[in-house]
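# Structural overview for review
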Amino acid sequence: MPGDATRAGDVKRERIRLRIRARLPETLVRERRRPERIRTYAGAWRLAVATVCFGAFMGQLDASIVTLTYPGLRAEFHASLAAVSWVSLAYLLTLTALLLPVGRFSDAHGRKLLYLYGFVVFTAASGSCALASSLSALIALRIAQATGAAMMQANSVALVATSAPPGRMRLALGTQAAAQALGLALGPLVGGALVSTLGWRWIFALNVPVGLLTMTAGHFLLPRTRAHHRTRSFDWPGLALLAATTTGALLALSVLSRPAVSPWWAAALFIVAVGTGWAFTLRQRHALCPLVSPGLFRGPAVSFGLVGALCGYLVLFGPLVLVPLVFAAHGSSALSAGLILTALPAGFALAAASAERILPAVWSERARCVLGAAVSTGALAVMLVVPVNAAWLPPALALLGLGLGVFIPANNALVMAAIPVRSSGTGGGLVNMARGLGTALGVALVTLTLQLPGDADRPDGPRYAVMALFIASLVTLATTSRNAFHKPTPTIG
């Protein structure tokens, strides 16, 4: 009988798993409890959030400085810009494809365990990147680095959400978002100093001592997974379809941002992404153990929240490409552009860290989302009607950062609150995948619109690019404006 064969296969797999666990040291396969003194400390959750924030800070710092290595890589390896760009592209493709399956795996085997192993892989790969002898070796090591980063990022949101006590999730997620913004803001400054004084290899070597420190802190300060979500098998076909979908979408966006490549290639890649995405959706509906349970999307909070997250990160990262290119086109230095651009992550960090204390406590997450989206939309509306120059841009960017700093933490809290605790890793993977796709889309849209005829040369700024960001911000507002200032009616039963 098919049922008997399935049960026999489950028993066999469980026996193999138990044998493997029996042969490995317990510290390698089980999450270690925190010391009793830390576990019973009233502020233990703050220590756990601070540990995750340190990793989030370093992740954004690393992401924002790798592009500064391009000139050094081209000179040392005698490579073209297209070849060197794969140092970033290979990392992004791997990271986005693995976030969701790693989050699902973490729900079953332990989020703390996978998070710490992610730091091991990321740190070892970073040290190896610093010693790479060829461009191909560096790209391969960046794929390994992205694998470790996926293990960290897929669990970061879940660890923060499950560590915080009831009523403090928004504050915890806001603190994490502020740490990410701070890393994003300091990236160009730290990276520029390292590259200009010590060379591009130190960009990667910097991660080694930081990784060792964070691994040690996480071992003692992060809580164990309270609820596991084990399954009888892993959805490998679903993983392949998801990887094809994200890879096709990201490659299509990359092609669109390069004028030398035919747009037909982008159209073909988008068709592949849509086709495999549709196949992935069907697979999740009928698979015995899907990567993503279709039940997670039955309510609007998760689906609308993920769309809002994608558009929010698109709006956040778009100006990071727009501002340097606009100022370079008008003869300004990279330093002046970087100083002006700092207003955006500074405003974001300020709002993410202080919104919990300033806004009324009775406001719902949805109300905070609407306020943040309205402020960011207003900031982009201002940028549409005033000249994009050194006089007007800093306050507009600061206002944009303030709005996004309110919107993104509240939106992420809304998504995580709608997902069962046992599936927190999957939810965290979905949120971070939306962030990765939003980042890539923001870069591609801004780059594409700046290439439209006549726009880049106009003295009043690239209106098409700002308009694209404005439309994306309107989408964030639309996803959260329903029943904004009303508390949800409690469900019975």
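As the structure is a prediction and not an experimental result, all values here were calculated from the model.

So, about the overall build of the chain. Of the regular secondary structure elements, the chain holds 21 helices and zero strands. Relative to its 493 residues, the chain shows a buried fraction of 52%. For the chain, contacts bridging at least 24 residues in sequence account for 83% of all contacts bridging at least 6. Entry remark: accessible area of the chain is about 22,300 Å², with carbon and sulfur atoms responsible for 70%.

This next bit is on the packing of aromatic side chains. Under the defined criterion, the tally for this structure stands at three aromatic pairs. Ring centres of Y115 and F119 lie 5.5 Å apart, and the angle between their planes is 75°; this geometry places the pair in the edge-to-face category. Residue Y115 and its partner F119 are located together in helix α8 (residues 111-130), separated by four residues, close to a single helical turn. Residue Y115 is classed as buried on the basis of its relative accessible area, which comes to 2%. Exposure remark for F119: the relative accessible area of 3% places this residue in the buried category.

All right, on to the pattern of salt bridges then. Taken as a whole and judged by the stated rule, the model has one salt bridge. Note that R201 and E76 form a salt bridge whose closest N and O atoms lie 2.6 Å from each other. Here E76 lies in helix α5 (residues 70-77) and R201 lies in helix α11 (residues 201-205), a separation of 125 residues in the sequence. Note on E76: relative accessible area 37%, which makes it partly exposed.

On average, the chain scores 75 in pLDDT, and the residues at 70 or more come to 76%. This stretch, residues 483-493, has a pLDDT under 50; its non-local contacts, to residues over four places away or in other chains, come to nine contacts.

Let's shift gears to α8. Compared with an ideal rise of 1.5 Å per residue, which puts 20 residues at 28 Å, α8 spans 28 Å between its outermost C-alpha atoms and is within 8% of the ideal. The buried fraction of α8 amounts to 15 of the 20 residues, a majority that puts the element mostly inside the structure.

As a further point, take the side chain of T96. Along the chain, T96 falls in helix α7 (residues 86-109). Residue T96 is classed as buried on the basis of its relative accessible area, which comes to 1%. Setting aside its immediate chain neighbours within four residues, T96 contacts T246, L250, M433 and L437.

The subject of this paragraph is a nonpolar patch on the surface. A contiguous nonpolar patch, built from V307, M467, I471 and V475 and spanning about 300 Å² of accessible area, is present on the exposed surface. The leading source of residues in the nonpolar patch is helix α21 (residues 463-480), at three residues. One can find V475 in helix α21. Under the relative-accessibility criterion, V475 is labelled partly exposed at 31%.

Looking now at the side chain of T276. Topologically, T276 is positioned in helix α14 (residues 263-286). A residue is classified by how much of its surface remains accessible, and T276, at 15% relative accessible area, is buried. Here the side chain of T276 touches A273 through a polar contact of 3.2 Å, landing on its backbone oxygen. Aside from chain neighbours lying at most four places away, what touches T276 is L241, A244 and T245.

Looking now at the packing of α8 against helix α12 (residues 207-221). Each packed pair of helices is defined by two parameters, the angle between the axes and the distance between the axes. Look at α8 against α12: their axes get within 9 Å of each other, and the N-to-C directions meet at 165°. Considering their axes alone, α8 and α12 lie roughly antiparallel with respect to each other. In terms of crossing hand, the pair formed by α8 and α12 is left-handed. Residue-level inspection shows K112, L116, F119, V120, F122, T123, S126 and G127 of α8 in contact with α12, the latter providing N207, V208, G211, L212, T214, M215, G218 and H219. The class makeup of the residues in the contact of α8 with α12 is seven nonpolar, eight polar and one charged.

With that settled, the discussion passes to the nonpolar core. Ranked by internal contacts, the top residues of the largest apolar core, which has 51 residues, are L95, L100, Y115, L222 and L306. Broken down by element, the residue count for this core peaks at 10 residues, all from helix α9 (residues 135-163). If we ignore the near neighbours within four places in the chain, the residues touching Y115 are T51, V52, G55, M151, M152, N155, S156, L159 and L222. Among the nonpolar cores identified, the runner-up in size contains 41 residues, and Y313, A396, L450 and A465 belong to it.

Bringing the environment of L222 into the picture now. You can see L222 is positioned in the loop between α12 and α13 (236-256). It is 9.4 Å that separates the C-alpha atoms of L222 and R39, two residues lying 183 residues apart in sequence.

A few words now on the environment of A177. The topology assignment puts A177 in helix α10 (residues 169-197). A C-alpha to C-alpha distance of 9.8 Å links A177 and N412, two positions 235 residues apart in sequence. With near-sequence residues (within four places) excluded, A177 lies in contact with F348, A352 and P409.

Turning next to the packing of α8 against α9. Axis separation between α8 and α9 bottoms out at 7 Å; the angle between their running directions is 150°. Of the possible angle classes, the one that applies to α8 and α9 is roughly antiparallel. The handedness of the crossing between α8 and α9 comes out as left-handed. Split into classes, the residues belonging to the contact of α8 with α9 amount to 16 nonpolar, eight polar and three charged.

What counts, and where the lines are drawn
- Residues numbered from 1 in each chain as written.
- Predicted model: local features only at pLDDT ≥ 70, side-chain atom pairs only at ≥ 80, totals over all residues.
- Heavy atoms only, no water.
- Helix = DSSP H or I, 4+ residues; strand = E, 2+ residues; numbered from the N terminus.
- Buried < 20%, exposed > 50% of the residue type's maximum accessible area, 1.4 Å probe, protein only.
- Contact = heavy atoms within 4.5 Å.
- Areas by Shrake-Rupley, 256 points an atom, 1.4 Å probe, with all protein chains shown as cover.
- Phe/Tyr/Trp six-rings, centres within 6.5 Å; stacked < 30°, edge-to-face > 60°.
- Salt bridge = Lys/Arg side-chain N within 4 Å of Asp/Glu carboxyl O.
- pLDDT = per-residue confidence, 0-100.
- Expected span 1.5 Å × (residues − 1).
- Patch = residues over 30% accessible without salt bridge, like charges linked within 9 Å, V, L, I, M, F, W, Y side chains within 5 Å.
- Polar contact = N/O pair within 3.5 Å; in protein donor to acceptor, adjacent residues only side chain to side chain.
- Axes fitted to C-alpha atoms, helices over the stretch in contact; angles between N-to-C directions.
- Parallel < 35°, antiparallel > 145°, perpendicular 65-115°, else oblique.
- Left-handed = near helix turned anticlockwise from the far one by under 90°.
- Nonpolar A, V, L, I, M, F, W, Y, C, P; charged D, E, K, R; others polar.
- Core = buried A, V, L, I, M, F, W, Y, C linked by side-chain atoms within 4.5 Å.

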